[in-house]
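# Structural characterization, general
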Amino acid sequence: MQDMCPGDIAGNYTEHRLRYFDGSQRTVLVSETETPYPEGRLIVSRTDLEGVLTHVNQSFVDMAGYTEQELIGAPHSILRHPDMPKAAFADLWQTVTAGKPWQGYVKNLRKDGGYYWVLATVIPNVREGRVVSYTSVRRKPSRGKVEEHAALYRKLRREES
Amino acid sequence: MTLQFAISPDFPPEHIPGWYIFNTWLQRELDCAIHLQLYDNFGDLREAIHADRLDLVYANPFDASLLVREKHFMPLARADNLQDEAVVLTADHHRARHIEDLRPGTVIAATDVPDIEMMGMIMIEPADLNRNNTQRITCDNYVMVAKQLLNDEADIGFFLAEAFDNLSDLVKNQLRPLVRSQIQVIHHSLMAGPALQERHATLQQLLTTMDTSEKGQGVLDALKIHRWSPLAQEDSEFMIDLMDTLMIS
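Residues numbered from 1 in each chain as written. Chains lettered and ligands numbered in written order. Predicted model: local features only at pLDDT ≥ 70, side-chain atom pairs only at ≥ 80, totals over all residues. Heavy atoms only, no water.

As a general point, the strands of a sheet are linked pairwise by backbone hydrogen bonds and lie either parallel or antiparallel. Residue and element names in this part refer to chain B. Read across the open sheet, the 5 strands follow the order E7-E6-E8-E5-E9; overall the sheet is mixed. Each edge of the sheet is formed by a strand with only one pairing partner; in this case those strands are strand E7 (135-138) and strand E9 (175-180). The average angle at which neighbouring strand axes cross in this sheet is 30 degrees, direction not considered. Two elements, strand E6 (residues 107-110) and E7, share 4 bridges in a ladder whose sense is parallel. Bridge pairing in E7 places Ala 109 opposite Ile 137. Contacting strand E5 (86-91), E6, E7, strand E8 (156-160) and E9, helix H5 (residues 142-150) crosses the sheet at an angle of about 160 degrees to E8. (Pairing = 2+ DSSP bridges. Helix = DSSP H or I, 4+ residues; strand = E, 2+ residues; numbered from the N terminus. Axes fitted to C-alpha atoms, helices over the stretch in contact; angles between N-to-C directions. Contact = heavy atoms within 4.5 Å.)

Put into C-alpha coordinates, the structure is as follows:
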(Lines give C-alpha, C1' and ligand atoms only; values in the text may rest on other atoms or scores of the structure.)
Protein backbone atom coordinates (compact mmCIF):
# COMPACT_ATOMS: atom_id res chain seq x y z
CA MET A 1 0.00 0.00 0.00
CA GLN A 2 1.26 3.47 -0.85
CA ASP A 3 2.14 5.96 1.88
CA MET A 4 -0.44 8.70 2.42
CA CYS A 5 0.26 11.91 0.57
CA PRO A 6 0.60 15.28 2.43
CA GLY A 7 -1.19 16.96 -0.48
CA ASP A 8 -4.36 15.00 0.34
CA ILE A 9 -4.49 16.08 3.97
CA ALA A 10 -6.76 18.88 5.17
CA GLY A 11 -5.14 21.00 7.92
CA ASN A 12 -2.55 19.96 10.50
CA TYR A 13 -1.53 16.35 10.77
CA THR A 14 0.77 13.95 12.55
CA GLU A 15 2.75 11.19 10.89
CA HIS A 16 2.61 7.53 11.95
CA ARG A 17 4.22 4.36 10.64
CA LEU A 18 1.77 1.44 10.61
CA ARG A 19 2.92 -2.16 10.54
CA TYR A 20 0.34 -4.58 9.13
CA PHE A 21 -0.46 -8.20 9.89
CA ASP A 22 1.37 -9.40 6.74
CA GLY A 23 4.55 -7.54 7.72
CA SER A 24 4.10 -4.65 5.26
CA GLN A 25 4.35 -1.04 6.43
CA ARG A 26 2.76 2.28 5.50
CA THR A 27 3.12 5.91 6.58
CA VAL A 28 -0.24 7.41 7.46
CA LEU A 29 -1.03 11.09 8.06
CA VAL A 30 -3.61 11.80 10.72
CA SER A 31 -5.63 14.91 11.52
CA GLU A 32 -8.08 15.50 14.38
CA THR A 33 -11.04 16.19 12.08
CA GLU A 34 -14.02 13.90 12.62
CA THR A 35 -16.50 13.34 9.80
CA PRO A 36 -19.98 12.69 11.21
CA TYR A 37 -21.63 9.41 10.25
CA PRO A 38 -24.27 10.09 7.55
CA GLU A 39 -27.82 9.76 8.92
CA GLY A 40 -29.83 6.74 7.77
CA ARG A 41 -27.01 5.23 5.72
CA LEU A 42 -25.21 1.93 5.85
CA ILE A 43 -21.60 1.66 4.75
CA VAL A 44 -21.26 -1.64 2.90
CA SER A 45 -18.27 -3.48 1.51
CA ARG A 46 -17.25 -6.95 0.52
CA THR A 47 -13.72 -8.38 0.57
CA ASP A 48 -12.14 -11.57 -0.64
CA LEU A 49 -10.65 -14.02 1.82
CA GLU A 50 -7.42 -11.98 1.97
CA GLY A 51 -9.25 -8.80 2.96
CA VAL A 52 -8.99 -7.15 -0.47
CA LEU A 53 -11.98 -4.94 -1.31
CA THR A 54 -14.16 -6.31 -4.13
CA HIS A 55 -17.30 -4.17 -3.61
CA VAL A 56 -17.97 -0.83 -1.93
CA ASN A 57 -21.22 1.14 -1.88
CA GLN A 58 -21.48 4.90 -2.39
CA SER A 59 -21.58 5.59 1.37
CA PHE A 60 -18.27 3.72 1.72
CA VAL A 61 -16.74 5.86 -1.02
CA ASP A 62 -18.14 9.10 0.48
CA MET A 63 -16.84 8.35 3.97
CA ALA A 64 -13.45 6.92 3.00
CA GLY A 65 -12.68 9.85 0.72
CA TYR A 66 -11.06 7.63 -1.92
CA THR A 67 -12.54 6.99 -5.36
CA GLU A 68 -14.15 3.63 -6.03
CA GLN A 69 -11.29 2.87 -8.45
CA GLU A 70 -8.75 3.51 -5.67
CA LEU A 71 -10.66 1.26 -3.27
CA ILE A 72 -11.44 -1.81 -5.38
CA GLY A 73 -8.41 -4.08 -5.25
CA ALA A 74 -6.96 -2.31 -2.21
CA PRO A 75 -6.65 -4.08 1.14
CA HIS A 76 -9.41 -3.12 3.59
CA SER A 77 -6.66 -1.98 5.95
CA ILE A 78 -6.31 1.13 3.78
CA LEU A 79 -8.77 2.58 6.35
CA ARG A 80 -6.81 1.49 9.40
CA HIS A 81 -6.37 4.30 11.92
CA PRO A 82 -3.28 4.28 14.16
CA ASP A 83 -5.55 4.74 17.22
CA MET A 84 -6.99 1.25 16.66
CA PRO A 85 -5.29 -1.47 18.72
CA LYS A 86 -3.87 -4.47 16.88
CA ALA A 87 -5.88 -6.71 19.22
CA ALA A 88 -9.19 -5.52 17.71
CA PHE A 89 -8.24 -6.60 14.18
CA ALA A 90 -6.65 -9.82 15.42
CA ASP A 91 -9.96 -10.63 17.11
CA LEU A 92 -11.89 -9.75 13.93
CA TRP A 93 -9.82 -12.06 11.72
CA GLN A 94 -9.73 -14.86 14.25
CA THR A 95 -13.53 -14.70 14.54
CA VAL A 96 -14.45 -14.51 10.84
CA THR A 97 -11.91 -17.10 9.72
CA ALA A 98 -13.56 -19.41 12.25
CA GLY A 99 -16.79 -18.84 10.28
CA LYS A 100 -18.43 -16.62 12.89
CA PRO A 101 -19.78 -13.06 12.67
CA TRP A 102 -17.80 -10.25 14.35
CA GLN A 103 -19.08 -6.94 15.63
CA GLY A 104 -17.14 -4.05 17.06
CA TYR A 105 -16.60 -0.30 17.19
CA VAL A 106 -13.98 0.93 14.74
CA LYS A 107 -12.26 4.27 14.18
CA ASN A 108 -11.52 4.51 10.46
CA LEU A 109 -8.96 6.71 8.71
CA ARG A 110 -10.03 8.80 5.72
CA LYS A 111 -7.88 9.68 2.74
CA ASP A 112 -7.83 13.31 3.96
CA GLY A 113 -6.34 12.22 7.32
CA GLY A 114 -9.61 12.68 9.24
CA TYR A 115 -11.56 9.90 10.90
CA TYR A 116 -15.04 8.49 11.44
CA TRP A 117 -16.39 5.99 13.95
CA VAL A 118 -18.62 3.07 13.00
CA LEU A 119 -20.29 0.06 14.53
CA ALA A 120 -19.02 -2.63 12.15
CA THR A 121 -20.44 -6.10 11.59
CA VAL A 122 -18.52 -8.59 9.48
CA ILE A 123 -19.91 -11.93 8.35
CA PRO A 124 -18.40 -14.74 6.30
CA ASN A 125 -20.29 -15.34 3.03
CA VAL A 126 -20.94 -19.04 2.65
CA ARG A 127 -21.68 -20.52 -0.79
CA GLU A 128 -22.20 -24.27 -1.18
CA GLY A 129 -20.73 -24.85 2.25
CA ARG A 130 -17.56 -22.80 1.65
CA VAL A 131 -16.61 -19.33 2.89
CA VAL A 132 -15.95 -17.37 -0.30
CA SER A 133 -15.81 -13.75 0.91
CA TYR A 134 -16.71 -11.42 3.78
CA THR A 135 -19.44 -8.78 3.91
CA SER A 136 -19.02 -5.83 6.22
CA VAL A 137 -21.78 -3.40 7.13
CA ARG A 138 -21.19 -0.34 9.28
CA ARG A 139 -23.86 1.65 11.05
CA LYS A 140 -23.97 4.78 13.18
CA PRO A 141 -22.66 4.22 16.72
CA SER A 142 -23.90 6.06 19.80
CA ARG A 143 -21.65 8.81 21.18
CA GLY A 144 -21.48 7.02 24.52
CA LYS A 145 -20.16 3.82 22.89
CA VAL A 146 -17.63 5.82 20.85
CA GLU A 147 -16.23 7.48 23.96
CA GLU A 148 -16.18 4.19 25.85
CA HIS A 149 -14.27 2.46 23.03
CA ALA A 150 -11.90 5.36 22.42
CA ALA A 151 -10.81 5.05 26.07
CA LEU A 152 -10.57 1.25 25.86
CA TYR A 153 -8.49 1.39 22.66
CA ARG A 154 -6.10 3.98 24.20
CA LYS A 155 -5.53 1.57 27.09
CA LEU A 156 -5.01 -1.41 24.74
CA ARG A 157 -2.55 0.56 22.64
CA ARG A 158 -0.54 1.56 25.69
CA GLU A 159 -0.36 -2.11 26.64
CA GLU A 160 0.70 -3.06 23.09
CA SER A 161 3.56 -0.57 22.93
CA MET B 1 -51.32 -29.33 -10.63
CA THR B 2 -52.32 -25.93 -9.29
CA LEU B 3 -49.38 -23.75 -8.34
CA GLN B 4 -49.58 -21.84 -5.06
CA PHE B 5 -48.65 -18.14 -5.14
CA ALA B 6 -48.34 -16.02 -1.98
CA ILE B 7 -47.84 -12.31 -1.47
CA SER B 8 -45.96 -10.95 1.52
CA PRO B 9 -48.60 -9.61 3.96
CA ASP B 10 -47.09 -6.10 3.94
CA PHE B 11 -48.36 -5.23 0.44
CA PRO B 12 -50.46 -2.05 0.33
CA PRO B 13 -54.17 -3.06 0.55
CA GLU B 14 -55.00 -0.89 -2.47
CA HIS B 15 -52.85 -3.26 -4.56
CA ILE B 16 -55.04 -6.34 -3.87
CA PRO B 17 -56.96 -6.07 -7.18
CA GLY B 18 -53.60 -5.57 -8.95
CA TRP B 19 -52.23 -8.85 -7.60
CA TYR B 20 -55.37 -10.71 -8.79
CA ILE B 21 -54.98 -9.15 -12.24
CA PHE B 22 -51.30 -10.17 -12.23
CA ASN B 23 -52.24 -13.72 -11.23
CA THR B 24 -54.76 -13.98 -14.06
CA TRP B 25 -52.16 -12.72 -16.54
CA LEU B 26 -49.59 -15.21 -15.23
CA GLN B 27 -51.98 -18.17 -15.53
CA ARG B 28 -52.67 -17.28 -19.17
CA GLU B 29 -49.00 -16.81 -19.99
CA LEU B 30 -47.88 -20.03 -18.29
CA ASP B 31 -51.01 -21.93 -19.30
CA CYS B 32 -51.47 -23.42 -15.85
CA ALA B 33 -53.65 -22.91 -12.80
CA ILE B 34 -52.24 -20.68 -10.05
CA HIS B 35 -53.97 -20.06 -6.74
CA LEU B 36 -53.22 -16.65 -5.22
CA GLN B 37 -53.08 -16.78 -1.44
CA LEU B 38 -53.08 -13.59 0.65
CA TYR B 39 -51.91 -14.04 4.22
CA ASP B 40 -52.99 -11.81 7.10
CA ASN B 41 -49.67 -12.01 8.91
CA PHE B 42 -46.05 -13.09 8.55
CA GLY B 43 -46.49 -16.03 10.92
CA ASP B 44 -49.04 -17.70 8.65
CA LEU B 45 -46.90 -17.06 5.56
CA ARG B 46 -43.82 -18.59 7.21
CA GLU B 47 -45.84 -21.61 8.32
CA ALA B 48 -46.83 -22.16 4.66
CA ILE B 49 -43.18 -21.77 3.56
CA HIS B 50 -41.96 -24.21 6.21
CA ALA B 51 -44.67 -26.70 5.15
CA ASP B 52 -43.50 -26.45 1.48
CA ARG B 53 -46.99 -25.37 0.43
CA LEU B 54 -45.85 -22.51 -1.85
CA ASP B 55 -44.39 -22.37 -5.37
CA LEU B 56 -44.19 -18.64 -6.01
CA VAL B 57 -43.72 -15.93 -3.39
CA TYR B 58 -43.48 -12.14 -3.53
CA ALA B 59 -41.29 -12.00 -0.45
CA ASN B 60 -40.23 -9.46 2.14
CA PRO B 61 -36.38 -9.31 2.33
CA PHE B 62 -36.66 -10.86 5.79
CA ASP B 63 -38.12 -14.06 4.31
CA ALA B 64 -35.62 -14.19 1.44
CA SER B 65 -33.05 -16.06 3.52
CA LEU B 66 -35.52 -18.78 4.50
CA LEU B 67 -36.73 -19.16 0.90
CA VAL B 68 -33.33 -19.15 -0.82
CA ARG B 69 -31.06 -20.83 1.69
CA GLU B 70 -33.43 -23.33 3.30
CA LYS B 71 -36.19 -23.92 0.78
CA HIS B 72 -34.13 -23.66 -2.44
CA PHE B 73 -36.25 -20.94 -4.03
CA MET B 74 -34.67 -19.05 -6.91
CA PRO B 75 -35.00 -15.29 -7.32
CA LEU B 76 -36.89 -14.15 -10.40
CA ALA B 77 -37.31 -10.40 -10.34
CA ARG B 78 -37.77 -7.26 -8.30
CA ALA B 79 -39.91 -4.19 -8.92
CA ASP B 80 -37.37 -1.66 -10.15
CA ASN B 81 -39.16 1.36 -8.63
CA LEU B 82 -39.75 -0.08 -5.16
CA GLN B 83 -37.23 -0.23 -2.33
CA ASP B 84 -37.74 -1.02 1.31
CA GLU B 85 -36.69 2.09 3.19
CA ALA B 86 -37.81 3.07 6.68
CA VAL B 87 -38.58 6.36 8.43
CA VAL B 88 -38.52 6.98 12.17
CA LEU B 89 -41.16 9.59 13.03
CA THR B 90 -42.41 11.58 15.99
CA ALA B 91 -45.43 13.82 16.33
CA ASP B 92 -44.49 17.34 15.30
CA HIS B 93 -45.20 18.54 18.86
CA HIS B 94 -42.87 15.92 20.44
CA ARG B 95 -39.80 17.28 22.27
CA ALA B 96 -37.35 15.06 20.28
CA ARG B 97 -35.73 16.80 17.33
CA HIS B 98 -32.98 14.24 16.73
CA ILE B 99 -32.62 10.51 17.35
CA GLU B 100 -30.07 11.32 20.07
CA ASP B 101 -32.81 13.20 22.00
CA LEU B 102 -34.61 9.90 22.65
CA ARG B 103 -34.19 8.29 26.07
CA PRO B 104 -34.58 4.77 27.54
CA GLY B 105 -38.27 4.02 28.04
CA THR B 106 -39.12 5.40 24.58
CA VAL B 107 -42.45 3.97 23.38
CA ILE B 108 -42.33 2.70 19.78
CA ALA B 109 -45.40 2.22 17.60
CA ALA B 110 -44.80 -0.16 14.68
CA THR B 111 -46.45 -2.75 12.49
CA ASP B 112 -45.24 -6.35 12.37
CA VAL B 113 -43.36 -5.80 9.06
CA PRO B 114 -39.99 -7.37 9.88
CA ASP B 115 -37.55 -5.45 7.67
CA ILE B 116 -39.02 -2.07 8.65
CA GLU B 117 -38.80 -3.10 12.30
CA MET B 118 -35.14 -4.09 11.83
CA MET B 119 -34.21 -0.85 10.03
CA GLY B 120 -36.11 1.21 12.62
CA MET B 121 -34.26 -0.44 15.51
CA ILE B 122 -30.90 0.16 13.77
CA MET B 123 -31.71 3.83 13.28
CA ILE B 124 -32.38 4.35 17.01
CA GLU B 125 -29.13 2.65 18.07
CA PRO B 126 -27.26 6.01 18.15
CA ALA B 127 -29.47 6.86 21.17
CA ASP B 128 -28.39 3.58 22.82
CA LEU B 129 -31.92 2.26 22.46
CA ASN B 130 -32.67 -1.41 21.94
CA ARG B 131 -35.43 -3.95 22.56
CA ASN B 132 -34.58 -4.14 26.27
CA ASN B 133 -34.93 -0.45 27.09
CA THR B 134 -37.88 0.52 24.85
CA GLN B 135 -41.59 -0.24 24.98
CA ARG B 136 -43.65 -1.46 22.06
CA ILE B 137 -47.14 -0.88 20.66
CA THR B 138 -47.84 -3.18 17.70
CA CYS B 139 -50.31 -1.74 15.19
CA ASP B 140 -52.26 -3.33 12.34
CA ASN B 141 -51.29 -0.66 9.83
CA TYR B 142 -49.40 2.61 9.35
CA VAL B 143 -52.48 4.78 9.89
CA MET B 144 -52.72 3.29 13.37
CA VAL B 145 -49.00 4.00 13.92
CA ALA B 146 -49.60 7.65 13.03
CA LYS B 147 -52.60 7.75 15.37
CA GLN B 148 -50.49 6.50 18.29
CA LEU B 149 -48.02 9.33 17.69
CA LEU B 150 -50.63 12.04 17.32
CA ASN B 151 -52.42 10.87 20.50
CA ASP B 152 -49.10 10.85 22.42
CA GLU B 153 -49.49 7.12 23.11
CA ALA B 154 -46.09 6.52 21.47
CA ASP B 155 -42.91 8.63 21.20
CA ILE B 156 -41.75 7.34 17.84
CA GLY B 157 -43.15 5.27 14.99
CA PHE B 158 -41.51 3.07 12.36
CA PHE B 159 -42.91 3.56 8.85
CA LEU B 160 -42.21 2.15 5.43
CA ALA B 161 -40.97 5.31 3.68
CA GLU B 162 -43.42 4.82 0.80
CA ALA B 163 -46.34 4.50 3.26
CA PHE B 164 -45.29 7.74 4.98
CA ASP B 165 -44.98 9.54 1.64
CA ASN B 166 -48.50 8.38 0.72
CA LEU B 167 -50.14 9.75 3.89
CA SER B 168 -52.43 12.74 3.38
CA ASP B 169 -50.76 16.14 3.80
CA LEU B 170 -53.06 16.77 6.76
CA VAL B 171 -51.54 13.82 8.68
CA LYS B 172 -48.01 14.22 7.30
CA ASN B 173 -47.82 17.84 8.44
CA GLN B 174 -48.44 16.74 12.02
CA LEU B 175 -45.53 14.28 11.94
CA ARG B 176 -41.78 14.85 11.97
CA PRO B 177 -39.28 12.46 10.36
CA LEU B 178 -36.24 12.09 12.65
CA VAL B 179 -34.29 9.91 10.24
CA ARG B 180 -34.94 8.17 6.93
CA SER B 181 -32.94 5.18 5.77
CA GLN B 182 -31.04 5.32 2.48
CA ILE B 183 -29.92 1.73 2.20
CA GLN B 184 -30.94 1.23 -1.46
CA VAL B 185 -30.27 -2.50 -1.67
CA ILE B 186 -33.12 -3.95 0.40
CA HIS B 187 -36.21 -4.83 -1.60
CA HIS B 188 -39.03 -7.35 -2.01
CA SER B 189 -38.35 -10.16 -4.49
CA LEU B 190 -40.48 -12.46 -6.57
CA MET B 191 -39.16 -15.99 -6.03
CA ALA B 192 -39.89 -19.36 -7.61
CA GLY B 193 -39.84 -22.62 -5.70
CA PRO B 194 -38.34 -25.97 -6.73
CA ALA B 195 -41.53 -27.00 -8.61
CA LEU B 196 -40.92 -24.14 -11.04
CA GLN B 197 -37.21 -24.78 -11.51
CA GLU B 198 -37.59 -25.99 -15.10
CA ARG B 199 -39.73 -22.99 -16.02
CA HIS B 200 -37.55 -20.46 -14.19
CA ALA B 201 -35.92 -19.00 -17.32
CA THR B 202 -39.28 -18.78 -19.16
CA LEU B 203 -40.92 -17.12 -16.18
CA GLN B 204 -38.09 -14.63 -15.72
CA GLN B 205 -38.23 -13.74 -19.42
CA LEU B 206 -42.02 -13.28 -19.26
CA LEU B 207 -41.77 -10.99 -16.24
CA THR B 208 -38.91 -8.84 -17.40
CA THR B 209 -40.48 -8.20 -20.81
CA MET B 210 -43.97 -7.50 -19.45
CA ASP B 211 -43.52 -3.76 -19.90
CA THR B 212 -42.98 -4.19 -23.66
CA SER B 213 -46.60 -5.19 -24.34
CA GLU B 214 -49.68 -3.05 -23.82
CA LYS B 215 -51.42 -5.80 -21.87
CA GLY B 216 -48.38 -6.47 -19.66
CA GLN B 217 -47.93 -2.76 -19.00
CA GLY B 218 -51.58 -2.52 -17.93
CA VAL B 219 -51.00 -5.31 -15.40
CA LEU B 220 -47.88 -3.56 -14.07
CA ASP B 221 -49.82 -0.30 -13.78
CA ALA B 222 -52.39 -2.07 -11.60
CA LEU B 223 -49.53 -3.04 -9.26
CA LYS B 224 -47.89 0.43 -9.42
CA ILE B 225 -44.73 -1.31 -10.66
CA HIS B 226 -42.77 0.29 -13.50
CA ARG B 227 -41.14 -2.94 -14.60
CA TRP B 228 -39.68 -6.15 -13.23
CA SER B 229 -35.87 -6.24 -13.19
CA PRO B 230 -34.24 -9.68 -13.37
CA LEU B 231 -32.62 -10.94 -10.18
CA ALA B 232 -29.63 -13.27 -10.31
CA GLN B 233 -28.97 -15.76 -7.55
CA GLU B 234 -25.97 -13.73 -6.37
CA ASP B 235 -28.09 -10.54 -6.18
CA SER B 236 -30.32 -12.24 -3.64
CA GLU B 237 -27.39 -13.85 -1.82
CA PHE B 238 -25.84 -10.39 -1.44
CA MET B 239 -29.04 -8.95 0.04
CA ILE B 240 -29.38 -11.94 2.37
CA ASP B 241 -25.76 -11.50 3.55
CA LEU B 242 -26.54 -7.85 4.22
CA MET B 243 -29.70 -8.73 6.13
CA ASP B 244 -27.70 -11.29 8.14
CA THR B 245 -25.22 -8.60 9.23
CA LEU B 246 -28.08 -6.31 10.23
CA MET B 247 -29.72 -8.91 12.41
CA ILE B 248 -26.63 -9.01 14.64
CA SER B 249 -26.89 -6.53 17.48
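Now that the structure has been shown, the text picks up again.
Let's shift gears to the nonpolar core. Grouped together as the largest cluster of nonpolar side chains are 64 residues, with contacts concentrated most on Leu102(B), Ile124(B), Phe158(B) and Phe159(B). For this core, the domains that each give at least three residues are domain 1 (3-82 + 186-246) and domain 2 (86-180) of chain B. (Core = buried A, V, L, I, M, F, W, Y, C linked by side-chain atoms within 4.5 Å. Buried < 20%, exposed > 50% of the residue type's maximum accessible area, 1.4 Å probe, protein only. Domains from an automatic or database assignment.)

On to empty space enclosed by the protein. The full count for this structure, using the stated rule, is 2 cavities of 30 Å³ or more. Roughly 250 Å³ of internal volume is contained in the largest cavity. Residue lining of the largest cavity: 18 residues in total, with Pro12(B), Tyr58(B), Leu82(B), Glu162(B) and His188(B) positioned closest to the centre. Residue classes in the lining of the largest cavity are distributed as 11 nonpolar, 3 polar and 4 charged. Three or more residues apiece are contributed to the lining of the largest cavity by two domains, here domain 1 (3-82 + 186-246) and domain 2 (86-180) of chain B. Of the pockets and cavities examined, the second largest cavity occupies roughly 120 Å³. Gly40(A), Arg41(A), Lys140(A), Ile122(B) and Met123(B) are, among the 15 residues lining the second largest cavity, the residues nearest its centre. For the lining of the second largest cavity, the element with the most residues is helix H4 (residues 114-123) of chain B, which contributes 3 residues. Of the residues assigned to the lining of the second largest cavity, the class counts are 9 nonpolar, 2 polar and 4 charged. (1 Å grid on protein atoms, 1.4 Å probe; cavity = no way out; pocket = protein on both sides within 12 Å on 5 of 7 lines; lining within 4 Å. Points joined across faces, edges and corners; volume = space filled by probe spheres on them. Nonpolar A, V, L, I, M, F, W, Y, C, P; charged D, E, K, R; others polar.)

This part covers the sheet that holds strand E3 (residues 43-47) of chain A. The sheet built from 5 strands is open, its strands ordered E4-E3-E7-E6-E5 (chain A) with antiparallel pairing. Sheet topology places strand E4 (53-56) and strand E5 (102-109) of chain A at the edges, where each strand pairs with a single neighbour. For this sheet the average axis-to-axis angle between neighbouring strands, irrespective of direction, equals 30 degrees. Bridge count for strand E6 (residues 115-127) of chain A against strand E7 (residues 130-139) of chain A is 9 bridges, and the pairing is antiparallel. Pairing of Ala120(A) across the sheet is with Arg138(A), part of E7(A). Along the sheet, helix H10 (residues 233-246) of chain B contacts E3, E4, E6 and E7 of chain A; its crossing angle with E6(A), the most-contacted strand, is approximately 125 degrees.

Residues and elements named next belong to chain B. Summed over all chains, the structure comprises 26 salt bridges over all chains. Among the salt bridges present, the one from Arg 176 reaches Asp 92, with a minimum N-O distance of 3.1 Å. With Arg 176 in strand E9 and Asp 92 in the loop between E5 and E6, the pair connects residues that are 84 residues apart, well separated along the chain. Judged by relative accessible area, Asp 92 falls into the partly exposed class, the value being 35%. For Arg 227, the salt bridge is made with Asp 211, and the minimal N-O distance between the two is 3.5 Å. Taken together, the residues span a long stretch of sequence, with Arg 227 in the loop between helix H9 (214-223) and strand E11 (228-230) and Asp 211 in the loop between helix H8 (200-208) and H9 at a distance of 16 residues. (Salt bridge = Lys/Arg side-chain N within 4 Å of Asp/Glu carboxyl O.)

A word on the interface of chain A and chain B. Contact residues are listed per partner, giving 22 residues for chain A and 22 residues for chain B. Both sides of the chain A and chain B interface together cover about 1900 Å² of buried area, and 56% of this is carbon and sulfur. Counting every contact that joins chain A to chain B gives 7 salt bridges. Counting across the chain A and chain B interface gives 12 residue pairs in polar contact (both at pLDDT 80 or more). For the side of chain A that touches chain B, the secondary structure elements donating two or more residues are E3, E6, E7 and helix H4 (143-160) of chain A. (Buried area = accessible area lost by both parts, 1.4 Å probe. Polar contact = N/O pair within 3.5 Å; in protein donor to acceptor, adjacent residues only side chain to side chain.)

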